[in-house]
Amino acid sequence: MNKDYYNILGVGKNASQEEIKKTFRKKAHQCHPDKQGGDEQKFKEINEAYQVLGDAKKRAQYDQFGSAFEHGQAGGGFSGFEGFSAQSAQGGSGWDINMEDLGDIFGGLGDIFGFSSQGGQSARGGQGRGRARRGGDIQVLLAIEFKEAIFGAEKEINLKKNVVCDRCGGNGAEPDSKIETCKTCNGSGRIIKTQRTIFGNMLAQTTCPDCGGEGKSYSQKCSKCHGNGVIQEISGIKVKIPAGIDDGETIRLSGHGEAGERGAPAGDLYLKIRVNPDIKFKRDGYNILSKAEISFAQAALGDKIEIPTVDGNVKLKIPEGAQSGKVFRLSGRGIPRLRGSGRGDHLVEIIVKTPTGLSRKQKEMLKELGI
């Protein structure tokens, strides 16, 4: 007897492939036997209809010959079910199914069947025990002085974080307690459960609930960390600040973050550097900028003045007739190149201070000079 697949899905004969797909997903959710109020028989009918109408070639054959065109095909199984990789198993009725696609069609059934992307398992029998979680990363803002950023420094910081339990060494067992292979999973860290699905009974691997995927069991948990393998403590860390680091840059200290569970790797520590501003100096790349005031007479006649630098005071020769705003370069007195060699320069801007409060005689002398 011919079946009206369009009527089963509840779409018209002129419905687009996208409309058919959307309607199928909606009805599949509603009728799935694992959901409350689900209807297994109706769900199978919807599947059967979608196998045909969801495939453009089969749909064209169905439109021409009706559902009878399928009766000659072997098995009558879900060979055209879009979103699944299904093949008849050799010599039997088993299926090789991509369980990751179930979440897209049935809204998270991968979790029901015991498959997840975190565990890295698939219905094809993924191997390996569940791994303890890596420790979390930590980010800290570290303020340093201007000269510490230029020449580098060693800092000690104290952090409250998870560290490896010093009583059990991170394995979660009370010292001298008996450690045995987990009897539930026989040391594999995984157990196999039989799940009832629309395709029949299937085997699914999940993390062992008794050992948490470690494959071992303890006669007594550590009294200090209660079996977690980590405890919270204040930990002191010495940090070397490299010469030339700039404000906003980050130092990564591998393995200095939170301790991982039961021997898993620790996370990383990220130090974001904040350089406190300096009254005298400013930074421009690898150069240092500063200003120096000179008198009107020094600008006109020239002079030697002392200039403060990060290395101490140095003598700077001011030539005759120096103009306000003139910039002088002190080579090699700047900031060390963080990822190179050598240093930048120190650039000094000269500011000519105009005299005020001149006497009548001083004013007359300036007029005579024509300045």
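Conventions used here
- Residues numbered from 1 in each chain as written.
- Predicted model: local features only at pLDDT ≥ 70, side-chain atom pairs only at ≥ 80, totals over all residues.
- Heavy atoms only, no water.
- Salt bridge = Lys/Arg side-chain N within 4 Å of Asp/Glu carboxyl O.
- Helix = DSSP H or I, 4+ residues; strand = E, 2+ residues; numbered from the N terminus.
- Buried < 20%, exposed > 50% of the residue type's maximum accessible area, 1.4 Å probe, protein only.
- Expected span 1.5 Å × (residues − 1).
- Polar contact = N/O pair within 3.5 Å; in protein donor to acceptor, adjacent residues only side chain to side chain.
- Pairing = 2+ DSSP bridges.
- Axes fitted to C-alpha atoms, helices over the stretch in contact; angles between N-to-C directions.

Visitor: Hey, could you go over the pattern of salt bridges for me, with residue numbers and the actual values?
Guide: All chains considered together, the criterion is met by 13 salt bridges. Note that glutamate 40 is salt-bridged to lysine 44, the shortest N-O span being 3.7 Å. Taken together, the positions of glutamate 40 and lysine 44, both in helix α3 (residues 40–53) and four residues apart, correspond to about one turn of that helix. Of the residues examined, glutamate 40 reaches a relative accessible area of 30% and is grouped as partly exposed. Classification of lysine 44 as partly exposed rests on a relative accessible area of 34%. Taking the shortest distance from any N to any O, the salt bridge between arginine 252 and aspartate 268 comes out at 2.8 Å. Taken together, the residues span a long stretch of sequence, with arginine 252 in strand β8 (residues 250–253) and aspartate 268 in the loop between β8 and β9 (269–275) at a distance of 16 residues. Put simply, Arg134, Asp137, Arg252 and Asp268 are held in one network by salt bridges that share partners.

Visitor: Quick one: what's the story with α3, residue by residue and with numbers?
Guide: For α3, with 14 residues, the first-to-last C-alpha span of 20 Å sits near the 20 Å given by 1.5 Å per residue. Near the N-terminus of α3, the side chain that reaches the backbone nitrogen of glutamine 41, with its oxygen 3.2 Å away, is that of aspartate 39.

Visitor: Summarise the sheet that holds strand β1 (residues 138–144); cite the residues concerned and give the values.
Guide: One open sheet accounts for three strands, arranged β1-β9-β8; its pairing is mixed. Looking at strand neighbours, the two that pair on one side only are β1 and β8, the edges of this open sheet. Between one strand and the next, the sheet's axes are offset by a mean angle of 25 degrees, whatever the strand orientation. Note: β1 against β9, seven bridges, orientation parallel. When the sheet's bridge partners are listed, leucine 141 is paired in β9 with lysine 272.

Everything listed is a geometric property; what it means functionally is a separate question.
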